Amino acid sequence: MASIAIVYHSGYGHTQRQAQAIAEGAGPRAQLIAIDAEGNLPQGGWEQLAAADAIVFGSPTYMGGPSWQFKKFADATSKPWYAETWKNKLFAGFTNSASTVGDKTSTLNYFMTLAMQHGGLWVGNGMMPSNTKGATRDDLNWIGVWSGAAAVSPSDASPAEMFAGDLKLARQFGARVAEVASRWAR
């Protein structure tokens, strides 16, 4: 079984809830690594990332990209980049924003670029969209994003009010990352 490190920043709790759902889907070897309000990892976070078979990036989408706290973390990855510590690891990503589109794919593209700079391989969600007239926010991949897990967190909704479809997508995305990582680690 592969180890999955889920490194994320959460501004209001929605991204944390999404990260928890991804970890739930990924299984017992998934580790949550929260980037704090100052953009720093907890003690041992860098070592957890180095030991992981797959790294999943997460951040809310603010103003068309990841939070500044995540960007600070990304800038600090220049040390593992220089040493090629993360080369050939699997990577994936997730995000949420208040608006249905909210330029979430810009954040996911930022994550993909970061992964590629580290010599990594990207795992998308591999799920068909729920794009029929009868589809609702409780359906799987109702936003229709393939490059990662995307969620909508209305500006007046608490993390407890996140849409069931988004959390189901996060759990299935976690399971997909774990499955692909297990194949890759053989």
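Our subject is the structure that appears above.
So, here is what we can say about the structure in this document. Each chain has its residues counted from 1, running along the sequence as written. Local features in a predicted model are, by the rule used here, given only for residues with pLDDT of at least 70; side-chain atom pairs are given and counted only at 80 or more, and totals for whole chains, interfaces and linings are based on all residues. No hydrogens and no water enter the side-chain calculation; it runs on all heavy atoms of the structure.

### Description of the pattern of salt bridges
Part 1 of the reasoning: We define a salt bridge as a side-chain nitrogen of Lys or Arg found within 4 Å of a carboxyl oxygen belonging to Asp or Glu. Considering all chains together, one arrives at 2 salt bridges under this definition.
Part 2 of the reasoning: The residue Glu84 makes a salt bridge to Lys87 at a minimum N-O spacing of 3.9 Å.
Part 3 of the reasoning: The classification of residues rests on relative accessible area computed with a 1.4 Å probe and restricted to protein chains. Under 20% of the type maximum is buried, over 50% is exposed, and intermediate values are partly exposed. Lys87 gets classed as partly exposed once you look at its relative accessible area, which sits at 44%.

### Thoughts on the environment of Ala170
Part 1 of the reasoning: With respect to the helices, strands and loops of the structure, Ala170 is situated in helix H6 (residues 164–185).
Part 2 of the reasoning: C-alpha of Ala170 to C-alpha of Val101: the two residues are 69 residues apart in sequence and 17 Å apart in space.
Part 3 of the reasoning: Residue contacts are defined here by distance: any two heavy atoms, one from each residue, within 4.5 Å place the two residues in contact. If we ignore the near neighbours within four places in the chain, the residues touching Ala170 are Gln18, Ala21 and Ile22. In this description a helix means any DSSP run of H or I spanning at least four residues, a strand means any run of E spanning at least two, and both kinds are numbered starting from the N terminus.

### Digging into the side chain of Thr77
Part 1 of the reasoning: The topology assignment puts Thr77 in the loop between helix H3 (68–76) and helix H4 (78–83).
Part 2 of the reasoning: Thr77 sits in the buried class, given a relative accessible area of 2%.
Part 3 of the reasoning: Once residues within four sequence positions are removed from consideration, Thr77 is found in contact with Trp46, Trp86, Leu114 and His118.

### A few points about the packing of H3 against helix H5 (residues 104–117)
Part 1 of the reasoning: Here an angle of 0 to 180 degrees is reported between the N-to-C directions of two axes, which are lines fitted to C-alpha atoms, with helices fitted over the stretch in contact. Interaxial distance between H3 and H5 falls to 11 Å at its minimum, and their mutual angle equals 10°. Taken together, the axes of H3 and H5 are roughly parallel relative to one another. On H5, the residues touching Phe70, Lys71 and Ala74 of H3 are Tyr110, Phe111 and Leu114.
Part 2 of the reasoning: Side-chain classes follow a simple rule in which Ala, Val, Leu, Ile, Met, Phe, Trp, Tyr, Cys and Pro form the nonpolar group, Asp, Glu, Lys and Arg form the charged group, and the remainder, Gly included, forms the polar group. Looking at the contact of H3 with H5 residue by residue, the class counts come to 5 nonpolar, no polar and 1 charged. Roughly parallel covers angles under 35 degrees, roughly antiparallel covers those over 145, roughly perpendicular covers 65 to 115, and oblique covers all other angles.

These results come straight from atomic positions and should not be treated as a statement about function.
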